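# Inside the fold
Letter by letter, the chains look like this.
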Amino acid sequence: MNGPPLHLDSAFVASPDALFEWLGAAVTWDERMKARKTASFGVPYNYSQIAYEPVPMPAELDALCGQIEAKLGFRPNNCLLNHYVDGASSMGFHSDSSEALAPGTGVAIVSVGSTRTITYRSKADSAVRFDYPLPHGSLLYMSDAVQQEWLHAIPKADSVGERISLTFRAILK
Ligand SMILES: O=C(O)CCC(=O)C(=O)O
């Protein structure tokens, strides 16, 4: 079986060190979730029973929305961030519903910090798995077609430092 039809750009962010530093200084992290810290900007995308307030998109993230629009053809209005403090922080297997998303759009994930692996597991056969590293400054795009056929997770890892993922969505208002 082939792996999921992903779009992966390993050098999407021009200055990933600067973005990582800015996030560290500017973001107040929400600690309601046990497995990792989160933060939300723009129109809220509420999931895992956690609701977020609308927060204006900062210029630094709005610039990434523009870059995503140029690359993928849609402009996100939400950025949900995940802060994986170390290798014990994780995200379990799930797929994202497209119900709240603008038609024909998916989830764009920008990664900064330590490289973590995203694992895809086929919904049809749980033995079929594919791993992809998500390096500092990369972009991964998952269409709804990927979500229909595959679950994805960020498994725990040994000896890794901090990672922040910036997940961008075009939320229906
Ligand atoms: O942190 C990541 O890269 C994973 C994000 C994710 O799985 C999601 O937003 O559905």
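Up top you'll find the structure we're talking about.
Figured I'd write up the structure that's included with this text. This is a predicted model, so every value here is computed, not measured. (Residues numbered from 1 in each chain as written. Predicted model: local features only at pLDDT ≥ 70, side-chain atom pairs only at ≥ 80, totals over all residues.)

## Overview of the overall build of the chain
From N to C terminus, the chain includes three helices and 10 strands. Put simply, the chain runs from its N terminus to its C terminus through helices and strands in the order β-α-β-α-β-β-β-β-β-β-α-β-β. Its C-alpha atoms give the chain a radius of gyration of 15 Å, near enough to 16 Å, the size a compact globule of 173 residues would have. Along the first, second and third principal axes, the C-alpha set of the chain runs to 40 × 40 × 35 Å. Taken across its 173 residues, the chain has 34% of its residues classed as buried. Within the chain, counting contacts between residues at least 6 apart in sequence, those at least 24 apart form 78% of the total. (Helix = DSSP H or I, 4+ residues; strand = E, 2+ residues; numbered from the N terminus. Rg over C-alpha atoms; globule rule 2.2 N^0.38 Å. Buried ≥ 20, exposed ≤ 12 C-beta atoms within 10 Å, placed from the backbone. Contact = placed C-beta atoms within 7 Å.)

## Details of the nonpolar core
Ranked by internal contacts, the top residues of the largest apolar core, which has 33 residues, are Cys-79, Ala-108, Val-110, Val-112, Leu-140 and Leu-166. Those elements that place two or more of their residues in this core are α1 (16-26), α2 (59-72), β3 (78-84), β5 (107-113), β6 (116-122), β8 (138-142), β9 (150-154) and β10 (163-169). With five residues, the single largest contributor to this core is β5. (Core = buried A, V, L, I, M, F, W, Y, C linked by C-beta atoms within 7 Å.)

## A few points about the sheet that holds β9
Ordered in space as β4-β9-β6-β7, the four strands form an open sheet in which the pairing is antiparallel. Either end of the sheet is taken by a strand with one partner, and the two such strands are β4 (91-94) and β7 (129-134). Strand-to-strand twist in this sheet, taken as the mean axis angle between neighbours without regard to direction, amounts to 15°. Where β6 and β9 come together, four bridges link them in antiparallel fashion. Directly across from Arg-121, in β9, lies its bridge partner Leu-151. (Pairing = 2+ DSSP bridges. Axes fitted to C-alpha atoms, helices over the stretch in contact; angles between N-to-C directions.)

## Quick word on the site of the ligand
Taken together, Asn-82, Met-91, Asp-96, Val-107, Ile-109, Ile-118, Leu-134, His-152, Ile-154, Ser-165 and Thr-167 form the complete shell of residues around the ligand. Along the lines of polarity and charge, the residues of the shell around the ligand split into six nonpolar, four polar and one charged. (Near = placed C-beta within 6 Å. Nonpolar A, V, L, I, M, F, W, Y, C, P; charged D, E, K, R; others polar.)

## Focus on the pairing of β9
Burial along β9 is one-sided: the face carrying Trp-150, His-152 and Ile-154 is buried and the face carrying Leu-151 and Ala-153 is not. Of the pairings in the sheet, the one linking β4 to β9 comprises two bridges and is antiparallel in character. In the sheet register, His-94 faces β9, and the bridge partner there is His-152.

## As for the sheet that holds β5
Strands pair in a sheet through their backbones, by hydrogen bonds, and they do so in one of two ways: parallel or antiparallel. Read from one edge of the open sheet, six strands run β1-β8-β5-β10-β3-β2, paired in antiparallel fashion. This sheet does not close on itself; its edge strands, each paired only once, are β1 (7-9) and β2 (37-42). Pairs of neighbouring strands in the sheet enclose a mean axial angle of 15°, with direction left out of account. With seven bridges joining them, β3 and β10 adopt antiparallel strand pairing. Its bridge partner being in β10, Tyr-84 is matched across the sheet by Arg-163. Contacting β5 and β10, α1 runs over the sheet at an angle of about 90° to β5.

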